[in-house]
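Observations on the three-dimensional arrangement
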Amino acid sequence: MQGMSRLRQMIVTIALALAPAPAFAIDEALLPRNLSPWGMFLGADIVVKTVMVGLAVASLVTWTVWLAKSIELRRKGALALWRTRALEGNIRLAEAAERAGDAHDAVAQLIQSCAKEAELSGGVLDDGLQERVALRLERVEAAMSRQIARGTGVLATIGAIAPFVGLFGTVWGIMNSFIGISESHTTSLAVVAPGIAEALLATALGLVAAIPAVVIYNHLVRGIANYRALLGDASAQLMLLVSRQRDHREFRLARAAE
């Protein structure tokens, strides 16, 4: 009897060992185990991969714009401040135009525009002179403001749409997770976890792209506002210079640089 019992146990053991594994067990064995960010990216669906790559490119654009505009604002701001302070001294418009020469920075163009209007007025010191000068300065300020703000609009766009792009990747990844559950006929966490992790990674990348874009955009807007204030100060100094020379009847024509 004992021999028969042992033989029966051996047969059952061999049968279990030779029996095919359940489908869900095979599927779980084939599931990705590398849940690092790079591993999740490699295992993601093509749509989720596209979303992730797009968000990474948007983040790269954000930091590139920040670096380029920060350098531009610092350089142009320092030059505008230097030229504005030079206008505060006892200086004539002709002398200021001569110093500006053929420079293309904002304050130099303000000076050249003012000198050009003085030349076109033919030395006539009527009441419309300052109005014409003010109109010219306003147009130059607007043009320089548009130039310095170029490129910042993309930051606002990235900050606005990146979270929604990441959310799209999240929805797509979760949808694939549910499809995987349906195909594997199991609700095991090992089946669901990879797809959900990929979906959450898309959301995280969306936030990584959006948050710096908004912060950098606000920072650049403040810097651009300060730069515009410097241009306003330079225009005010030029208006004072014109008014002062007119009051003393010492206004002299200043030829604008070609």
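Worth saying up front: this structure is predicted, and the values here are computed from it rather than measured. (Residues numbered from 1 in each chain as written. Predicted model: local features only at pLDDT ≥ 70, side-chain atom pairs only at ≥ 80, totals over all residues. Heavy atoms only, no water.)

On to the overall build of the protein chain, then. Per the secondary structure count, the protein chain includes 9 helices and 0 strands. Counted from the first residue to the last, the protein chain has its helices and strands arranged as α-α-α-α-α-α-α-α-α. Looking at the protein chain residue by residue over its 258 residues, the buried ones come to 36%. Considering only residue pairs separated by 6 or more positions, the protein chain has 81% of its internal contacts joining residues 24 or more positions apart. (Helix = DSSP H or I, 4+ residues; strand = E, 2+ residues; numbered from the N terminus. Buried < 20%, exposed > 50% of the residue type's maximum accessible area, 1.4 Å probe, protein only. Contact = heavy atoms within 4.5 Å.)

At their nearest, the axes of helix H6 (residues 106-120) and helix H7 (residues 128-148) sit 9 Å apart, and the two run at 155 degrees to each other. When the interaxial angle is binned, H6 and H7 end up roughly antiparallel. Where H6 crosses over H7, the handedness of that crossing is right-handed. Of H7, the residues touching H6 (which contributes Ala 106, Gln 109, Leu 110, Ser 113, Cys 114, Lys 116, Glu 117 and Leu 120) are Arg 132, Val 133, Arg 136, Leu 137, Val 140, Glu 141 and Met 144. (Axes fitted to C-alpha atoms, helices over the stretch in contact; angles between N-to-C directions. Parallel < 35°, antiparallel > 145°, perpendicular 65-115°, else oblique. Left-handed = near helix turned anticlockwise from the far one by under 90°.)

The UniProt record marks residues 41-66, 154-175 and 195-218 with the feature "transmembrane region" (unreviewed entry), using the residue numbering of this structure. Helix makes up 100% of residues 154-175 and strand 0%. Its end C-alpha atoms lie 31 Å apart. Annotated as 100% helix and 0% strand, the span residues 195-218 places its first and last C-alpha atoms 35 Å apart. (UniProt positions renumbered as here; feature names shortened; annotations may be inferred.)

The end-to-end C-alpha distance of H6, which contains 15 residues, comes to 21 Å, matching closely the 21 Å that a straight helix rising 1.5 Å per residue would cover. Burial of H6 is extensive: 11 of the 15 residues sit out of reach of the surface. Turning to H6, its buried residues are Ala 106, Val 107, Ala 108, Leu 110, Ile 111, Gln 112, Ser 113, Cys 114, Ala 115, Glu 117 and Ala 118. (Expected span 1.5 Å × (residues − 1).)

Below, the discussion takes up the packing of aromatic side chains. Counted under the stated rule, the structure contains 2 aromatic pairs. Between the aromatic rings of Phe 168 and Trp 172, the centroid separation amounts to 6.1 Å while the plane-to-plane angle is 45 degrees, which identifies the pairing as tilted. Taken together, the positions of Phe 168 and Trp 172, both in helix H8 (residues 153-184) and 4 residues apart, correspond to about one turn of that helix. Owing to a relative accessible area of 44%, Phe 168 belongs among the partly exposed residues under this scheme. (Phe/Tyr/Trp six-rings, centres within 6.5 Å; stacked < 30°, edge-to-face > 60°.)

Next up on the list: the nonpolar core. Ranked by internal contacts, the top residues of the largest apolar core, which has 34 residues, are Val 107, Leu 110, Ile 111, Cys 114, Tyr 227, Leu 231 and Leu 238. Secondary structure elements with two or more residues in this core: helix H4 (46-87), helix H5 (93-100), H6, H7 and helix H9 (189-247). Here this core takes 10 residues from H9, the largest share from any one element. With sequence-adjacent residues up to four places away left out, Leu 110 is seen in contact with Leu 137, Val 140, Glu 141, Leu 231, Ala 234, Ser 235 and Leu 238. Listed in part, the 8 residues of the second largest apolar core include Leu 55, Ile 158, Ala 162 and Ala 209. (Core = buried A, V, L, I, M, F, W, Y, C linked by side-chain atoms within 4.5 Å.)

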